[in-house]
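Summary of the model geometry
The lines below spell out each chain.
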Amino acid sequence: MSTQAKTLPGRYYTDPAVFRQEMETFYCEMWFCSGRTEQIQAPGDYYLCEVAGESIIVARDSSGAVRAFYNVCRHRGTRLCTVEHGRFDDRIQCPYHGWTYGLDGKLLGAPHMEGGPFYREDYPLHRVNAEVWAGHIFLNMASRSSPLKAQLAGLPDKFAPWAMQDLRMYKQHVYKVMANWKLIVSNYNECLHCPILHPMLCSISDPMSGDNEVPQPTYIGGAMEFRGAAQTMSVDGKRRRDYLPGLSEAQRKRVFYYAIYPNLFLSLHPDYVMVHRLWPRAVDQTDVVCEWYFHPRELAKLGFNGDDAVDFWDATNREDWNISELSQKGISSRAYEPGPYSAREELPRAFDRMVLDRERMRR
Ligand code: FES
Ligand SMILES: [Fe+2]
């Protein structure tokens, strides 16, 4: 009997019930990346994070700590805040009857509640766990979550040389992709498709080069090397910026591509970092936020321009989204059945296994 690994059954990409279950498993029970600390630099700054049918307020409180709360008033449940990002003047007020909360979530004022057995301290905003790694803000909705560092395992040490906390955003693109989120993860994790789909990428980096790390329970990834005189992923392979400080000789010669479950891709280049965050919206629809980060010393240089990197990846991103959409269409056919993986597709295979393992753990 053949033991060849095959792709997942179609329902994993088409069934809204599987999708809802996955949102619970991956977004409500794991740490996911919501954004960056630079989005909320000053006390009172906030952004909203919409995920798994929830709206979460992520804010910096007056002590400088990052806090997260469900966007739900404790009076009659109304959504508190609808503007995507902004700054609270030291309190959050419900637009319905005016209950007000501090940036630490404490209920400060509740009009008309006098005269009954009512204690303000019983009604703080419902908290969502928030932790920061290297400038990335992670959230966890589970009431008893293990610390973020358990999920990140060896990554903070491995990626310390890129000092992502020091980098600043240059550009952001938001893409609407009509494909299941898992197709986007699988696509990111193999480059067998690169010679056909990404001729520009293959002229700069050899898709057969480099190696993958042994797949981990919470992330997968590997590195690729440059071809010929190329020194970074840009439209022509030229590196127009200094190497990020802190990289070794070996790290300067490669790009590291890591998918950290459930929603963060880190693409670490010798002179910049690209970040993708996935936001599943429906079983066949995913918003992808892609951002490019550079060292502040480079950004401050007169005439700085990082578009060689942005344009290169924007073109490559679109090629990947397009093929992911075609995969979604084909998998939605009644003719689809799981197909065989090659030995070189070990990362998508490991990802599928992890999806099945987590599904089994819930039963
Ligand atoms: S629902 Fe928010 S104050 Fe009444
Ligand atoms: Fe690709």
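Residues numbered from 1 in each chain as written. Chains lettered and ligands numbered in written order. Predicted model: local features only at pLDDT ≥ 70, side-chain atom pairs only at ≥ 80, totals over all residues. Heavy atoms only, no water.

Regarding the sheet that holds strand β4 (residues 66-70)
Applicable threshold: We treat two strands as partners when DSSP finds at least two bridges between them. A run of H or I in DSSP counts as a helix once it spans at least four residues, and a run of E counts as a strand once it spans at least two, with each numbered from the N terminus. Simply put, an axis is a line fit to the C-alpha atoms, just over the touching stretch for a helix, and the angle between two N-to-C directions goes from 0 to 180 degrees.
Across the sheet, which stays open at both edges, the 7 strands sit in the order β1-β10-β9-β4-β3-β2-β5 with antiparallel pairing between neighbours. This sheet does not close on itself; its edge strands, each paired only once, are β1 (32-36) and β5 (85-87). Taken pair by pair, the neighbouring strands of this sheet meet at an average axis angle of 30°, ignoring direction. Two elements, strand β3 (residues 54-60) and β4, share 5 bridges in a ladder whose sense is antiparallel. Paired with I57 across the bridge in β4 is F69.

Digging into the coordination of the iron ion (ligand 2)
Test applied: The donor set covers N, O and S atoms within 2.8 Å of the metal, switching to 3.2 Å for Na, K and Ca, and it leaves out water, so a site may look short of donors. Square planar and octahedral sites, with four and six donors, are those where opposite donors lie more than 155 degrees apart and all other angles lie between 65 and 115, tetrahedral sites have four donors with every angle between 85 and 135 degrees, and the rest are irregular.
Taken together, the protein ligands of the iron ion (ligand 2) are H193 (NE2), H198 (NE2), D320 (OD) and D320 (OD), with distances of 2.0 to 2.5 Å. Around the iron ion (ligand 2), the 4 donor atoms are arranged such that angles at the metal cover 56 to 152°; this shape is classified as irregular. One chain supplies every donor for the iron ion (ligand 2), spaced along it as H-x4-H-x121-D. Taken as a pair, H198 in the loop between α6 (194-197) and α7 (199-204) and D320 in helix α10 (residues 307-331) lie far apart in primary sequence, 122 residues in all.

A few points about the sheet that holds strand β14 (residues 254-260)
Applied cut-off: Contacts are assigned to residue pairs that have any heavy atoms within 4.5 Å of one another.
On the basis of which strands lie adjacent, the open sheet formed by 7 strands has the order β11-β17-β16-β15-β14-β13-β12 and antiparallel pairing. Edge strands, defined here as strands with exactly one partner in the open sheet, are β11 (168-177) and β12 (211-212). Relative to strand β13 (residues 219-225), β12 runs antiparallel, the two being bridged by 2 bridges. Bridging across to β13, N212 finds its partner in G222. Against the sheet, helix α5 (residues 181-188) touches β11, β14, β15 (264-268), β16 (273-282) and β17 (285-294), its axis set at about 20° to β15. Across the face of the sheet, helix α11 (residues 346-362) comes into contact with β12 and β13 while running at roughly 170° to β13.

A word on the state of the cysteines
The condition is simple: By convention in this document, the label disulfide applies to cysteine sulfur atom pairs within 2.5 Å. Categorising residues by exposure relies on relative accessible area from a 1.4 Å probe, with only protein chains included: less than 20% of the type maximum marks a residue as buried, more than 50% marks it as exposed, and the intermediate range marks it as partly exposed.
Here the structure, examined in full by the defined rule, presents 1 disulfide. Here C191 connects covalently by a disulfide to C194, the sulfurs 1.8 Å from one another. Disulfide C191-C194: torsion about the S-S bond near -100°, hence left-handed. Of the two residues, C191 and C194, neither departs from the other in class, the shared state being buried. Summary of cysteine pairing: C202 is not part of a disulfide, and the nearest cysteine sulfur, belonging to C194, is at 5.2 Å. On the accessibility criterion, C202 (11% relative accessible area) is buried.

Concerning the packing of α5 against α10
Worth spelling out the cut-off: Roughly parallel means an angle under 35 degrees; roughly antiparallel means over 145; roughly perpendicular covers 65 to 115; every other angle is labelled oblique. Left-handed describes a crossing whose near helix is turned anticlockwise from the far helix through less than a right angle; right-handed describes the clockwise counterpart. Gly counts as polar in this scheme, as do all residues outside two lists: the nonpolar Ala, Val, Leu, Ile, Met, Phe, Trp, Tyr, Cys and Pro, and the charged Asp, Glu, Lys and Arg.
Between α5 and α10, whose axes approach to 10 Å, the crossing angle comes to 130°. Taken as axis vectors, α5 and α10 run oblique relative to one another. The two elements α5 and α10 meet at a crossing, and its hand is right-handed. Two secondary-structure elements touch here, α5 through L183, I184 and N187 and α10 through D320, W321, I323, S324, S327, Q328 and I331. Its residues placed into classes, the contact of α5 with α10 shows 5 nonpolar, 4 polar and 1 charged.

Overview of the packing of helix α2 (residues 16-28) against α11
Direction vectors running N to C along α2 and α11 enclose 95°, while the axes themselves pass 11 Å from each other. The orientation of α2 with respect to α11, classified from their angle, is roughly perpendicular. Contacts between α2 and α11 involve Q21, E22, E24, T25 and F26 from the first element and M354, V355, R358 and R362 from the second. Broken down by class, the residue content of the contact of α2 with α11 amounts to 3 nonpolar, 2 polar and 4 charged.

Quick look at the pattern of salt bridges
The line we're drawing: A carboxyl oxygen of Asp or Glu within 4 Å of a side-chain nitrogen of Lys or Arg is what we treat as a salt bridge.
According to the stated counting rule, one finds 25 salt bridges in the structure shown. Taking the shortest distance from any N to any O, the salt bridge between D90 and R91 comes out at 3.5 Å. Residues D357 and R360 are paired through a salt bridge, measuring 3.2 Å at the closest nitrogen-oxygen approach. Residue D357 and its partner R360 are located together in helix α11, separated by 3 residues, close to a single helical turn. The partly exposed category is assigned to R360, whose relative accessible area is 48%. Via salt bridges that share partners, D236, K238, R240, R241, D271 and D308 belong to a single interconnected network.

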